[in-house]
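Below, each chain spelled out in residue letters.
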Amino acid sequence: MPDTPRKSYADLFRTPEFSPLFLSTSANIAAQTVSGLALGTLVFRATDSPLLSALSMFGPALAQVLGATLFLSGADRLPPRATLTGLSLAFAAATAALALPGLPVWAMLAIVLAEGLIASLGGGVRWGLLNEILTKDGYLAGRSLFNMMSGVMQITGYAAGGVLVTLLSPRLCLLLAAGLYGAAAGLALLLTRRPPRAAGRPSVTATWRANALLWSARPRRHVYLALWLPNGLVVGCESLYVSYDPRAAGTLFACAALGMLAGDVTVGRLLPARLRPRLGVPLLVLLAAPYLALFLRPPLPLTAVLVALASVGFGASLVQQERLVTLTPDELTGHALGLHSAGMLTAQGLAATLAGTVAQFTSPATAMTAMAVASLAVTLTLTVASRRDAGDGGLLPRRVPEAA
């Protein structure tokens, strides 16, 4: 079958509403990057604990599972513009509170967990709106561009954040991040006022019902697990950059973002559609394998190259997201993508906690190696199980049945 025509990036920016959504999300990611590095550094300086430092940066993801259980039906049942604006303002207030002098570490962790709870709604609203703006034939190109932007924002944010944390202070960087969240709220107001995609009021019951429906189909289960687990375990490696090399953490984060950018460009724009499904598993292997070498404590330039190379493997998520969209009814698109986002972030938070715990009792290098081995083991297990259940389906499908 010939490849279907794909939207160019220029076409995306000519699409109404794409630009304000893109710019608002950019400001949000820049704020997350700067605030995460500043908070991780602040907590590590106060406690000298790899576990608490990792939790401060990735702990908000732990609350995503609760939000996905309680609030996710709002992703399709709330007006997108008002919801995205309100979420950005809430993050601005919470990040400003983190900068208060004398705030104890336990209070910081409580605030970031609350941020994770309210953020659980944001992914579903944002990506559901993107799918509505672009339709399914343009979603991959749009999400690829968003991922590329995320890489650029992270490269810039971690590089600039590393300098600012050193020259100024972590608390001033947190105030800067709060201002970026405020800018994101202002940009979200430029979106068109749209009605919710689905009728009915958001409720816990509606959330449970939609979650059960999405989870009931075996192909979707395979896609969700492949999106959540290998990715999350490798983010556990990333959560230890500060304790692995406190002076070079910003450099390592920036190199990881650069690799992710390269992977997104390759998968989103360079690979023909007929080849993308076949590269899902190889990319997941690439995502973890380079971290095995960090046990040897290579010099910083080689470590940076290994981190960038590994992060190219994050491009696997584009392959899996494209499949998820094709497997999901239109009226549940926001919910399905929100469940992906919440589950992925929850897995990342759990992996960061696990990695920090292992590092606390061994070393950051040992913990990184252990998390990489676990990611490879999960990828192998999912590949074997999905092929057995669907006959070359699951992670590498030709034809996807909907039977549970």
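The preceding data block contains the structure.
Structural notes, computed from the coordinates. (Residues numbered from 1 in each chain as written. Predicted model: local features only at pLDDT ≥ 70, side-chain atom pairs only at ≥ 80, totals over all residues. Heavy atoms only, no water.)

## Side note on the nonpolar core
Okay, so step 1: Ranked by internal contacts, the top residues of the largest apolar core, which has 45 residues, are Tyr241, Phe253, Tyr291, Val307 and Met368.
Okay, so step 2: Among the elements that line this core, the one with the most residues is helix α13 (residues 249–270), at eight residues.
Okay, so step 3: When sequence neighbours within four positions are dropped, the list of residues in contact with tyrosine 291 reads Val234, Cys237, Glu238, Tyr241, Val307, Ala310, Met368, Thr369 and Ala372. (Core = buried A, V, L, I, M, F, W, Y, C linked by side-chain atoms within 4.5 Å. Buried < 20%, exposed > 50% of the residue type's maximum accessible area, 1.4 Å probe, protein only. Helix = DSSP H or I, 4+ residues; strand = E, 2+ residues; numbered from the N terminus. Contact = heavy atoms within 4.5 Å.)

## So, the packing of helix α11 (residues 218–238) against helix α14 (residues 280–288)
Geometry of a packed helix pair, given as the angle between the helix axes and the separation of the axes.
Okay, so step 1: One way to put it is that α11 packs onto α14 with a least axis distance of 9 Å and a crossing angle of 20 degrees. Here α14 runs roughly parallel to α11, going by the angle between their axes. Judged by the twist between their axes, the crossing of α11 over α14 is left-handed. Residue-level contacts link Ala226, Pro230, Asn231 and Val234 of α11 to Leu284, Leu287 and Ala288 of α14.
Okay, so step 2: Residues of the contact of α11 with α14, tallied by class, amount to six nonpolar, one polar and no charged. (Axes fitted to C-alpha atoms, helices over the stretch in contact; angles between N-to-C directions. Parallel < 35°, antiparallel > 145°, perpendicular 65-115°, else oblique. Left-handed = near helix turned anticlockwise from the far one by under 90°. Nonpolar A, V, L, I, M, F, W, Y, C, P; charged D, E, K, R; others polar.)

## Notes on a nonpolar patch on the surface
Okay, so step 1: Nonpolar side chains collect at one region of the surface, where Val163, Leu167, Leu168, Leu172 and Leu175 lie side by side and expose about 490 Å² of accessible area between them.
Okay, so step 2: Only α8 (136–167) and α9 (170–188) provide two or more residues apiece to the nonpolar patch.
Okay, so step 3: By secondary structure assignment, the location of leucine 167 is in helix α8.
Okay, so step 4: Relative accessible area serves as the criterion here: at 64%, leucine 167 is assigned to the exposed category. (Patch = residues over 30% accessible without salt bridge, like charges linked within 9 Å, V, L, I, M, F, W, Y side chains within 5 Å. Areas by Shrake-Rupley, 256 points an atom, 1.4 Å probe, with all protein chains shown as cover. Salt bridge = Lys/Arg side-chain N within 4 Å of Asp/Glu carboxyl O.)

## Description of the layout of surface pockets
Okay, so step 1: Looking at the second largest pocket, its volume works out to about 310 Å³.
Okay, so step 2: What lines the second largest pocket is a set of 13 residues, among which Thr41, Val165, Thr166, Pro246 and Arg247 lie closest to the centre.
Okay, so step 3: Of all elements in the fold, only α2 (18–47), α8 and α13 reach the threshold of two or more residues within the lining of the second largest pocket.
Okay, so step 4: Examining the composition of the lining of the second largest pocket, we find that four residues originate from one element, α2, more than from any other. (1 Å grid on protein atoms, 1.4 Å probe; cavity = no way out; pocket = protein on both sides within 12 Å on 5 of 7 lines; lining within 4 Å. Points joined across faces, edges and corners; volume = space filled by probe spheres on them.)

## Comments concerning unusual backbone geometry
Okay, so step 1: Backbone geometry places glutamate 17, a non-glycine residue, at a positive phi of 80 degrees.
Okay, so step 2: Following the sequence through the fold, glutamate 17 ends up in the loop between α1 (9–13) and α2.
Okay, so step 3: Of note in the backbone geometry, aspartate 48 takes a positive phi value of approximately 55 degrees without being a glycine.
Okay, so step 4: Looking at where aspartate 48 falls in the secondary structure, it is placed in the loop between α2 and α3 (50–58).

## Considerations on helix α16 (residues 316–326)
Okay, so step 1: Among the 11 residues of α16, nine are classified as buried, and the element is accordingly described as predominantly covered.
Okay, so step 2: Turning to α16, its buried residues are Ala316, Ser317, Leu318, Val319, Gln320, Gln321, Arg323, Leu324 and Val325.

## Remarks on empty space enclosed by the protein
Okay, so step 1: Tallied over the entire structure, the rule returns two cavities of 30 Å³ or more.
Okay, so step 2: Roughly 40 Å³ of volume is contained in the second largest cavity.
Okay, so step 3: Around the second largest cavity, the lining residues are Ala226, Leu227, Asn231, Leu284, Leu287, Gly313, Phe314, Ala316, Ser317 and Gln320.
Okay, so step 4: Elements that contribute at least two residues to the lining of the second largest cavity include exactly α11, α14 and α16.
Okay, so step 5: Here the residues of the lining of the second largest cavity sort into six nonpolar, four polar and no charged.

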